[in-house]
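Notes for the structure review
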Amino acid sequence: MERRRTLTKFATDQLRLPRFRVFGNSGKAILRYKLSSPLKAKAVVINNNFGGDKDEKARDGSDVDVDNLRVAFENFGFTVELHEDVTQDHLFSIVDETVAWANCSDPDMLVLAIMTHGEMENGVDFLRMSDDTVVELYRVIERLSNSHCPGLCGKPKFFIVQACRGSLEDHGALVTGGRRFPEWNPLDQLGWTSRSASRHSDDTSSPDSPDCPDIPDIFVPSLSDILIAKATSPGYQAFRTPRGSWFISCLVRRLVEPVSRDVHTSLLLANNDVSRNSGKHPPGDSNCMQASCKHHMLQAATFISSMRKELNLNKLAKKKHKNSRSCCCLHCRISIESRGPPRRRPFKMTKKSTV
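All of the points below concern the structure found in this document.

A word on the sheet that holds strand β4 (residues 118-121). The strand order across the open sheet formed by 3 strands is β4-β5-β6, and the pairing between neighbours is antiparallel. Lying at the two open borders of the sheet, with one neighbouring strand each, are β4 and β6 (134-136). Neighbouring strand axes in the sheet, compared pairwise and without regard to direction, differ in orientation by 35° on average. With 4 bridges joining them, β4 and strand β5 (residues 124-128) adopt antiparallel strand pairing. Note that in β5 the partner of G118 across the bridge is L127.

Okay, the packing of helix α2 (residues 62-75) against helix α5 (residues 246-255) next. Here α2 crosses α5 at 15°, and the two axes come no closer than 10 Å. The orientation of α2 with respect to α5, classified from their angle, is roughly parallel. The way α2 lies across α5 gives a crossing that is left-handed. Contacts between α2 and α5 involve D65, N68, L69, A72 and F73 on the former and, on the latter, I248, S249, V252 and L255. Of the residues contributing to the contact of α2 with α5, the split by class is 6 nonpolar, 2 polar and 1 charged.

We now examine the pattern of salt bridges. Two side chains of opposite charge can pair, provided their charged atoms sit close to one another. A full pass over the atoms with the stated rule returns 15 salt bridges. Across the pair D67 and R70 runs a salt bridge, and its minimum N-O distance is 2.5 Å. With a gap of 3 residues between them, D67 and R70 both fall in helix α2, about one helical turn apart. Taking relative accessible area as the criterion, D67 reaches 31% and is therefore assigned partly exposed. Take R70: its relative accessible area is 25%, and that puts it in the partly exposed class.

Adjacent strands of a sheet pair through backbone hydrogen bonds, lying either parallel or antiparallel. One open sheet holds the 6 strands; their spatial order is β2-β1-β3-β7-β8-β11, and the pairing between them is mixed. Looking at the sheet topology across the chains shown, the edges are occupied by β2 (79-84) and β11 (302-305). Taken pair by pair, the neighbouring strands of this sheet meet at an average axis angle of 10°, ignoring direction. Strands in contact with helix α3 (residues 88-105) are β1 (41-47), β2 and β3 (109-115); relative to β1, the strand with the most contacts, it is inclined by about 180°.

This next bit is on α3. Helical geometry: 3.6 residues make up each α-helical turn, so side chains three or four residues apart lie on a common side. Across its 18 residues, α3 extends 26 Å between first and last C-alpha, which sits within 8% of the 26 Å expected from 1.5 Å per residue. Of all the positions in α3, only L91, F92, I94, V95, T98, V99 and A102 are classed as buried. Taken around the axis of α3, the buried residues stretch over an arc of 150°, which confines them to a single face. Those residues of α3 that are exposed and angled more than 90 degrees off the buried face are D89, E97 and C104. Tucked into the core, α3 has its buried residues touching β1, β2, β3, β6 and α4 (137-143). One or two positions beyond α3, positive phi appears at D106, with a value near 50°.

By the definition in use, this model includes 3 cavities of 30 Å³ or more. Lining the largest cavity are E119, D125, F126, L127, V161, A163, C164, R165 and K230. Ranked by the residues each element gives to the lining of the largest cavity, the list is headed by β5, at 3 residues. When its residues are assigned to classes, the lining of the largest cavity shows 5 nonpolar, no polar and 4 charged.

What follows is about the nonpolar core. If you look at the biggest cluster of nonpolar residues, it comprises 40 residues, and the most contacted ones within it are L69, F73, F78, F158, I160, F247 and L313. Counting only elements with at least two residues in this core, the list comes to β1, α2, β3, β7 (157-162), β8 (226-230), α5 and α6 (263-276). Counting residues per element, this core draws most heavily on α5, which supplies 6 residues. Apart from the residues lying within four places of it in its own chain, the contact partners of F73 are A43, F78, V80, V111, I160, L255 and L313. With 26 residues, the next largest nonpolar core counts V44, L112, C149 and V161 among its residues.

Next up on the list: the packing of aromatic side chains. Tallying each qualifying case throughout the model produces 3 aromatic pairs. On the numbers, 6.2 Å between centres and 70° between planes, the contact of F73 with F76 is edge-to-face. There is no split in this pair, since F73 and F76 are both buried. Here the aromatic rings of F73 and F78 are separated by 5.2 Å at their centres, their planes lie at 75°, and the arrangement is edge-to-face. The two residues F73 and F78 agree in class, both being buried. Among the aromatic residues, ring-to-ring pairing joins F73, F76 and F78 into one connected group.

Cut-offs used in this document
Residues numbered from 1 in each chain as written. Predicted model: local features only at pLDDT ≥ 70, side-chain atom pairs only at ≥ 80, totals over all residues. Heavy atoms only, no water. Pairing = 2+ DSSP bridges. Helix = DSSP H or I, 4+ residues; strand = E, 2+ residues; numbered from the N terminus. Axes fitted to C-alpha atoms, helices over the stretch in contact; angles between N-to-C directions. Parallel < 35°, antiparallel > 145°, perpendicular 65-115°, else oblique. Left-handed = near helix turned anticlockwise from the far one by under 90°. Contact = heavy atoms within 4.5 Å. Nonpolar A, V, L, I, M, F, W, Y, C, P; charged D, E, K, R; others polar. Salt bridge = Lys/Arg side-chain N within 4 Å of Asp/Glu carboxyl O. Buried < 20%, exposed > 50% of the residue type's maximum accessible area, 1.4 Å probe, protein only. Expected span 1.5 Å × (residues − 1). Arc of directions from axis to C-beta. 1 Å grid on protein atoms, 1.4 Å probe; cavity = no way out; pocket = protein on both sides within 12 Å on 5 of 7 lines; lining within 4 Å. Points joined across faces, edges and corners; volume = space filled by probe spheres on them. Core = buried A, V, L, I, M, F, W, Y, C linked by side-chain atoms within 4.5 Å. Phe/Tyr/Trp six-rings, centres within 6.5 Å; stacked < 30°, edge-to-face > 60°.

Nothing here speaks to function; it is geometry throughout.
And the structure:
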């Protein structure tokens, strides 16, 4: 203990740090966003399927992502709004209506999920709308920022973007030193492949720290309290199957797990799941929704965060986890469907002993 105090004092003396005002209890308690019960929050899900568009390829399987997001956030207590095949004007109309709703109802948080075709130009993400126009992603985010939406000032804003960010193909890289990833696909647990479910566990949750009340802030940065989760890295494609996209499926699976952890940890685990999945559909296979999907295609999801506190949604779940086949939560439903019907022990004939 004395050595630790000496090292701490040495580090403090050597570092030349400016004096900032520190809020909270010096790291002993984690600040959390206040989420009321019942929750006053909205989840807006926008899906451009391009089903009737001849120019754009239809996003088959996106309806599965919509259903998974709807079930997950409804279970958390969100009011879910679904919008299909949105034009540019309709998109900004939805954003303006969301701003008006937030300014009137003083919500706890907002979730906005956009699933469409995308591209990147000069480092800027663009989203393609159903009327063949493109919208800059950060124009949408800016309209919901603290400075433009007072009703959401200081409240968490979670943006989920399932879209390509270019046309590059990620074939992966071999880890040096002969170390390879185990032969495991996290999407096996969703029943998407023929291989057996994984025996590996990525559960790195830790006990919750006690709740700490919010400290009223006079000013907050304009672009704080924002969390943006993107399906892929800049310049690369985002993959999708008839049973949903890689990113949305892994994200929903981690969010609904009956483990108390913050959203950032769930995103890290979801990113790990996406990176360990690989597309093994040959070119021209009808099961692959990407025109250029080849063997062993990889994908690396990313997220950007300016959150100032911890965000934990698992405590809001309406349907408690029973860890059995009678449980109706989304996590158990996914696990049960991947495992199939319960196995019965084979009947063995026993020989009777004779005297």
